[in-house]
Amino acid sequence: MCELSFSLNFAAFGSLFPHTILVKQLSFRMLFFFRMPTDLDFMQFALDEARAAAAAGEVPIGALLVCENKIIAQSGNRTIRDNDPTAHAEIVALREGSRLLSNYRLSGATMYVTLEPCAMCAGAMIQARIAKLVYGADDPRGGAVRSCFEVLSHPRLNHRVEVASGILAEESSALLQSFFAARR
């Protein structure tokens with residue numbers, strides 16, 4: 001994949017990148033001109049959010065909410081900055097996406113997150129009716145998708161979420177490991 005460095009008028013790409021802040025943070029890839037973005041592409045953006053969270057002293061987890069191949073919300077963990085135990089990257093992205101779409105139901109949306117969601121975040125995805133979850137690394141200590149619990153596929157719930165796991169898992173794990181190693 002080639003990366004190009006030049007100035008572009010990003011207003012022309014507003015349908016793909018609706019948020020000015022996100023556009024300014026991107027290293028623009030010509031890839032989007034030739035094909036639709038893939039799960040791998042969106043996970044790269046989630047990793048960028050995780051890196052930004054780490055730079056702010058937060059646990060490096062990043063999340064994107066995508067609807068019709070458009071990024072509608074993105075976030076890293078904000079629990080420390082916001083003094084809010086519920087400010088996980090997934091929850092912040094769900095809140096922003098719901099606010100922007102003026103609907104708490106996010107049917108058809110896909111959540112991209114660097115680490116397997118916890119029980120709180122998985123429950124919020126059920127309530128929001130997320131169609132698909134794509135995540136990087138498994139969380140053997142608190143993952144609620146398949147590691148510790150299987151919330152998103154529980155037979156007694158009235159909504160199921162399609163799951164794809166292991167996308168950029170090594171990069172996601174390495175980011176978490178380096179973050180915690182630096183704090184020891």
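Quick look at the structure, then. Worth saying up front: this structure is predicted, and the values here are computed from it rather than measured.

Looking now at the sheet that holds strand β4 (residues 132-137). Read from one edge to the other, the open sheet built from five strands follows the order β2-β1-β3-β4-β5, with strand pairing classed as mixed. The outermost strands of the open sheet, each flanked by one partner alone, are β2 (70-76) and β5 (162-165). Averaged over all neighbouring strand pairs, the angle between strand axes comes to 15 degrees, with direction disregarded. With five bridges connecting them, strand β3 (residues 110-115) and β4 associate as parallel partners. Of the residues in β4, the one forming a bridge with L115 is A137.

Bringing the pattern of salt bridges into the picture now. Using the criterion set out here, one finds seven salt bridges in the structure. Of the charged contacts in the structure, one is a salt bridge between E58 and R81, with a shortest N-O distance of 3.4 Å. Placement of E58 in the loop between α3 (39-55) and β1 (62-67) and of R81 in helix α4 (residues 79-82) is noted, with a sequence separation of 23 residues between them. Here R81 falls in the partly exposed class, since its relative accessible area comes to 38%. For the salt bridge of D138 with R146, the shortest nitrogen-to-oxygen distance reads 2.8 Å. Note on D138: relative accessible area 33%, which makes it partly exposed. Among the residues examined, R146 registers a relative accessible area of 45% and is labelled partly exposed.

Okay, the nonpolar core next. Soluble globular proteins: nonpolar side chains tend toward being buried together. One finds L65, L94, M111, M125, I130, L133 and L152 to be the most contacted residues of the largest nonpolar core, which totals 30 residues. If you list the elements that add at least two residues to this core, you get β1, β2, α5 (89-101), β3, α6 (119-128) and β4. Residues within four places of M111 in sequence aside, it is in contact with A63, L64, L65, E90, A93, L94, M125, I130, K132, L133 and V134. Membership of the second largest hydrophobic core comes to 14 residues, among which are F45, A46, A50 and L64.

Taken as a whole, this structure holds two aromatic pairs when the rule is applied. Between F179 and F180, the ring centres sit 5.1 Å apart and the planes meet at 80 degrees, which makes this aromatic pair edge-to-face. Given a relative accessible area of 7%, F179 falls into the buried group.

Its location among the elements puts E90 in helix α5. Despite its burial, E90 remains without a salt bridge, the nearest opposite charge being carried by R95 at 11 Å.

The rules behind each value
Residues numbered from 1 in each chain as written. Predicted model: local features only at pLDDT ≥ 70, side-chain atom pairs only at ≥ 80, totals over all residues. Heavy atoms only, no water. Pairing = 2+ DSSP bridges. Helix = DSSP H or I, 4+ residues; strand = E, 2+ residues; numbered from the N terminus. Axes fitted to C-alpha atoms, helices over the stretch in contact; angles between N-to-C directions. Salt bridge = Lys/Arg side-chain N within 4 Å of Asp/Glu carboxyl O. Buried < 20%, exposed > 50% of the residue type's maximum accessible area, 1.4 Å probe, protein only. Core = buried A, V, L, I, M, F, W, Y, C linked by side-chain atoms within 4.5 Å. Contact = heavy atoms within 4.5 Å. Phe/Tyr/Trp six-rings, centres within 6.5 Å; stacked < 30°, edge-to-face > 60°. Lys, Arg positive; Asp, Glu negative; His and termini not counted.

Nothing here speaks to function; it is geometry throughout.
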